[in-house]
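Given next are the chains, with one letter for each unit.
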Amino acid sequence: GGGGRGGPRKDRPQYVGPDAVLGETYTGKITGIKQFGVFVEILPGPEDGSTPGLEGLVHVSELHTERVRNCEGFLRSMNVEELTVKYVGNDKGKIQLSRKAVLEEKEASK
């Protein structure tokens, strides 16, 4: 929903910085927690806040190597404000991130 008048919301500033690199690992700030996953800002916007940072979603299935039932509870138990995540895909401009991929790589490199 958005007031019902239709049309694009062009008053919302867009991220204008460098693109994220597919397959790269980023440490970003947690910006939102939902039932289906966690939003993480992997590339910050400018200091003055004129445009937003680049945000992606870590789906609940990509949060951990084991099944996570509750994103909020899981993150609260970790007590962190940042997550290290891997940029794994792009779906219609939406950035898909994975913490699980980072954990699996660490495990494999032991």
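Quantities reported herein were computed from a predicted structural model and do not represent experimental measurements. (Residues numbered from 1 in each chain as written. Predicted model: local features only at pLDDT ≥ 70, side-chain atom pairs only at ≥ 80, totals over all residues. Heavy atoms only, no water.)

Student: Sorry, what's going on with the nonpolar core here?
Tutor: In globular proteins that are soluble, nonpolar side chains generally tend to be buried together. Of all hydrophobic cores here, the largest spans 21 residues; its most connected members are Ala20, Val38, Ile42, Leu63, Leu83 and Leu97. Mapped onto this core, the elements with two or more residues apiece are β1 (25–34), β2 (37–43), β3 (54–59), α1 (71–78), β4 (82–91) and β5 (94–98). Ranked by residues supplied to this core, first place goes to β2 with four residues. For alanine 20, the residues in contact, after removing those within four places along its chain, are Tyr26, Ile42, Leu43, Leu54, Tyr87 and Ile95. (Core = buried A, V, L, I, M, F, W, Y, C linked by side-chain atoms within 4.5 Å. Buried < 20%, exposed > 50% of the residue type's maximum accessible area, 1.4 Å probe, protein only. Helix = DSSP H or I, 4+ residues; strand = E, 2+ residues; numbered from the N terminus. Contact = heavy atoms within 4.5 Å.)

Student: Just to check I follow, could you spell out the packing of aromatic side chains for this structure?
Tutor: Working definition: an aromatic ring pair is given by the centre-to-centre distance plus the angle between the planes. Scanning the entire structure with this criterion turns up one aromatic pair. Seen in terms of ring centroids, phenylalanine 36 and phenylalanine 39 are 6.2 Å apart; in terms of plane orientation they differ by 90 degrees. Their pairing is edge-to-face. Since its relative accessible area comes to 42%, phenylalanine 36 is described here as partly exposed. Take phenylalanine 39: its relative accessible area is 24%, and that puts it in the partly exposed class. (Phe/Tyr/Trp six-rings, centres within 6.5 Å; stacked < 30°, edge-to-face > 60°.)

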